[in-house]
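What the coordinates show
What follows is each chain in one-letter form.
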Amino acid sequence: MRVLSLTVSLSICACLFAHVPGCSSPPPAPQAAPAPAAAQPAGEALVGYDLRRLRPRDEETLAAMFDRLLAQAVADGKRVAVLFSADWCEPCRELETELGNRHKAAEIGDVRFLELKEEDWTAAARMDEFNELRRRWADQVGSYPLLLLLDAEGKRVEEMKQAIERLEAAKIEPTLAHWLADTRPKNSAS
């Protein structure tokens with residue numbers, strides 16, 4: 001079952017990141033722009049993903065830490081994505097490469113990623129907390145990556161695997177940046 005799950009995950013991540021420029025290499029060093037600064041709209045600024053890795057702390061349970069960081073992200077005006085990953089997982093490594101890339105602020109700037117790595121919690125002998133938190137959104141544990149977009153209350157909005165199918169059906173290239181841009185609330189301004 002784990003081999004099948006890993007094969008499916010590999011296929012999904014390959015589809016998700018197959019067309020992401022710079023996914024397999026670091027972004028190029030900044031160069032002097034040949035065009036005047038006014039030629040690029042302010043909304044076109046490139047930013048990195050807002051990524052926070054949750055690691056065990058003696059003074060705080062994982063559930064309390066997650067809930068605190070979710071509330072902080074919401075207070076900061078951010079949507080939240082949660083990523084469960086493992087170092088041994090090839091699709092997770094591909095996803096981490098993408099999370100090191102830069103994109104238009106308008107595509108990814110309003111999302112904070114909360115990442116949990118299996119190894120951090122195994123080493124601290126606290127996998128029970130890791131799996132308990134994961135079960136808030138998925139019954140199965142041990143299958144990676146699990147990337148979910150959450151609402152302000154921490155409820156599941158959509159999983160990456162579902163997003164790929166939906167974006168492809170809508171003829172939108174299924175990249176992480178496109179997923180985040182496509183799921184942005186349309187009426188965010190009051």
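Position numbers for residues count from 1 along each chain, tracking the sequence in the order it is written. This being a predicted model, a pLDDT of at least 70 is required before a residue's local features are given, and a value of 80 or more before pairs of side-chain atoms are given or counted; all residues contribute to the totals for chains, interfaces and linings. Note that water and hydrogens are dropped before the side-chain values are worked out from all heavy atoms of the structure.

Check the secondary structure of the chain and you find 8 helices and 7 strands. Should any heavy atoms of two residues lie within 4.5 Å, those residues are considered in contact. Partitioning the intrachain contacts of the chain with sequence separation of at least 6 by distance along the chain shows that 73% fall at a separation of at least 24. Only the protein chains shown count as cover for residues, and all accessible areas are computed by the Shrake-Rupley method using a 1.4 Å probe. As presented, the chain carries roughly 10300 Å² of accessible surface, and 57% of it is formed by carbon and sulfur atoms. Numbering of helices and strands runs from the N terminus, with a helix taken as a DSSP run of H or I at least four residues long and a strand as a DSSP run of E at least two residues long.

A few words now on the pattern of salt bridges. Within this document, salt bridges are pairs made up of a side-chain nitrogen of Lys or Arg and a carboxyl oxygen of Asp or Glu, the two lying within 4 Å of each other. Considering all chains together, one arrives at 19 salt bridges under this definition. One salt bridge connects Arg53 with Asp120, and the closest N-O pair in it is separated by 2.9 Å. On the criterion of sequence distance, the pair formed by Arg53 in strand β2 (residues 50–53) and Asp120 in helix α5 (residues 118–123) is long-range, its members being 67 residues apart. Assessed through its relative accessible area of 31%, Arg53 is described here as partly exposed. The class for Asp120 is buried, based on a relative accessible area of 16%. Arg126 is the partner of Glu129 in a salt bridge, and the nearest nitrogen-oxygen pair spans 2.5 Å. The pair formed by Glu129 and Arg126 is uniform in burial state, with each residue classed as buried. A cluster of three or more residues bridged by salt bridges with shared partners is formed by Asp50, Arg52, Asp76, Lys78 and Arg112. Think of it in three bands: with a 1.4 Å probe and only protein chains considered, a residue is buried below 20% of the maximum accessible area for its type, exposed above 50%, and partly exposed in between.

Once that is clear, we can look at the environment of Glu98. Assignment of secondary structure puts Glu98 in helix α3 (residues 90–99). Its relative accessible area of 0% is what places Glu98 among the buried residues. On a C-alpha basis, the gap between Glu98 and Gly48 in space is 9.8 Å, while along the polypeptide they are 50 residues apart.

Here we come to the packing of aromatic side chains. Within 6.5 Å between ring centres, the rings of Phe, Tyr and Trp (the latter by its six-membered ring) count as paired, and their orientation is classed by plane angle as stacked under 30 degrees, edge-to-face over 60, tilted in between. Enumeration over the complete set of coordinates arrives at 6 aromatic pairs. Taking 5.4 Å as the distance between ring centres and 85° as the angle between the ring planes, the aromatic pair formed by Phe84 and Phe130 counts as edge-to-face. In this pair, Phe84 sits in strand β3 (residues 79–85) while Phe130 sits in helix α6 (residues 127–134), placing the two residues 46 residues apart along the sequence. A relative accessible area of 0% places Phe130 in the buried class. Taken together, Phe66, Phe84, Trp88, Phe130, Trp137 and Tyr144 form an aromatic cluster joined through their ring pairs. Criterion for a charge above a ring: Lys NZ or Arg CZ within 6 Å of the ring centre, and within 35 degrees of the ring normal. The ring of Tyr144 carries the charged tip of Arg134 above its face, separated from the ring centre by 5.1 Å.

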